[in-house]
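# Topology and contacts: notes
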Amino acid sequence: MTKIIFPKEFWWGAATSGPQTEGRFKKKHANIFDYDFEKNPERFWHEIGPDMASNFYNDFREDIKLMKKAGLNSVRTSIQWSRLIDDLEEGTVNQDAVDFYNAVIDEFIANGICPVINLHHFDLPVDLLHKYGGWTNKHVIGLYVKFAEQCFKLFSDRVSDWFTHNEPMVVVEGGYLYQFHYPDLVDGKLAVQVAYNLQLASSLAIQKFHEINQNPNGKIGIVLNLSPNYPASQAKEDIAAAHIADLWQNQLFMDASVKGEFPKELVELLTKDKVIWESTKEELAIIKNNKVDRLGVNYYHPNRAQKPYYSPNSLAVDWLPNKYFANYQMHGARMNVDKGWEIYPRALYEIAKNIQKNYNNIPWFVSECGMGVSNEERYLNEDGQIDDDYRIQFIQEHLYWLHQAIEEGSSCFGFHLWTAIDCFSWRNSYRNRYGLISVNIHTQEKTLKKSAHFFKNLTENSGLELSEEFFDKFNKTFRF
């Protein structure tokens, strides 16, 4: 057996979000997913929407106790803008929502779990989309900062760990390029402006946090979905495609958030293509002067790129990043066939080395990593437990590479699985389950999976033991 040990204060936890767990109980405002489901339920898996989700609004005390049983010492969730704020223009708060979030935070702390709070997890109040155009309009940035300010005033006395956005690139691509989130637009120039506006909103929230934070240990960052971009071949066209894909998918928000500046090469490319965002010197100074204290990294699968399918002038719309690169699926890759994603744990090591080398080794943690599987009832044993050995193997492999990076000096301070309890996942609803804890969406009964017991053992021992059988399988799979 080989034992790998992580730092003593390491965050062992899981991530989720308010809109994916709480349900719509007592909410004054709808977010874009609430509205989308009301108008277009057929877009959602089995027409199951966010109305109840996993009932965290009513079950949070019991749910948090289950998280404790699964060994979590930290949990990231989010505060719903559409729940906390009564008057979206004025930024006034709803007292029921304040009481709810206070109780949630206090319950986490009482159970010895560090609450990690994110502000925006895709869930824009839909009224701001319909009235102003959502993140396309800089007025909405100001309203977001009012929401963030209320969160800091109300909760930063007990919450020390904050994040401004989760995966802002998903907002850009889902809503404005590839039509997997409402409002389902395909508008490249608008998408570029949304990316800029999201970054400016993050920087302004960071500025506000440092003005009014009540916690001497308080830190604020951003959560980005990152992955190295691997070229399909060593042909110069494929290498160039992977490079531009990396500029767009990774470096845009990484550079602006950590270095305070957008990548020069990307700015030049967007300017040449006449889709560059509208900005001012004052706004760019705000971005420059309000960098993140730390970083969350969501990693699920590698990005692989090849030369584009289309010539630059043959796209059906004026501009898409696809004019420069196309996705590539490597022949013979290990796949999660339920989700359609490649499994490649080594990329987590390469992300760590990139942060160490190119981003001043900023403190960071794995804020999401997980394996979504359909029909997990297939793996129920006679005692009613889901034996998700595939998830345990997935965690072990990723931790192996993460540990190697830490041994080489990476400043990673935690690993959060997606997710604690099976949760609603936008239009995919409950099609793929990621949790350490299963939920029956009809009865809301929740039970620990085999992986929850594994995770508890992992956290109690600050690491894990890997068998010779693991390494035999691992070496054959990854050929090293």
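Scoring rules and cut-offs
Residues numbered from 1 in each chain as written. Predicted model: local features only at pLDDT ≥ 70, side-chain atom pairs only at ≥ 80, totals over all residues. Heavy atoms only, no water. Pairing = 2+ DSSP bridges. Helix = DSSP H or I, 4+ residues; strand = E, 2+ residues; numbered from the N terminus. Axes fitted to C-alpha atoms, helices over the stretch in contact; angles between N-to-C directions. Contact = heavy atoms within 4.5 Å. Core = buried A, V, L, I, M, F, W, Y, C linked by side-chain atoms within 4.5 Å. Buried < 20%, exposed > 50% of the residue type's maximum accessible area, 1.4 Å probe, protein only.

The next thing to look at is the sheet that holds strand S3 (residues 74-78). As summarised here, the arrangement of the 8 strands in space is S2-S3-S6-S7-S8-S10-S15-S16, forming a closed barrel in which the pairing is parallel. Neighbour to neighbour, the strand axes of the sheet diverge by 25 degrees on average, direction disregarded. The pairing of strand S10 (residues 294-298) with strand S15 (residues 364-368) spans 4 bridges and is classified as parallel. Within S15, the residue paired with Asn 298 across the bridge is Glu 368. Helix H9 (residues 188-212) contacts strand S6 (114-120), strand S7 (161-166) and strand S8 (219-225) of the sheet and is inclined by roughly 165 degrees relative to S7.

For soluble globular proteins, the rule of thumb is that nonpolar side chains tend to be buried together. Within the largest apolar cluster, 152 residues are counted, with the highest numbers of intra-cluster contacts made by Trp 81, Leu 84, Trp 135, Trp 162, Val 172, Leu 402 and Phe 415. Element by element, the count of residues in this core is highest for H9, at 12 residues. Once residues within four sequence positions are removed from consideration, Phe 415 is found in contact with Phe 10, Trp 11, Trp 12, Gly 13, Val 366, Cys 369, Ile 395, Leu 399, Leu 402 and Phe 455. The next biggest cluster of nonpolar side chains, apart from the first, holds 6 residues, and it includes Trp 11, Phe 163, Val 223 and Phe 413.

Okay, the sheet that holds strand S12 (residues 326-327) next. Pairing within the open sheet is mixed, and its 3 strands lie in the order S9-S11-S12. Where the open sheet ends on each side, the last strands, each with one partner, are strand S9 (229-231) and S12. As paired strands, S9 and strand S11 (residues 303-306) are joined by 3 bridges and run parallel to one another. When the sheet's bridge partners are listed, Pro 231 is paired in S11 with Ala 305. Where helix H10 (residues 236-259) meets the sheet, its contacts fall on S9 and S11, and the angle it forms with S9 comes to roughly 170 degrees.

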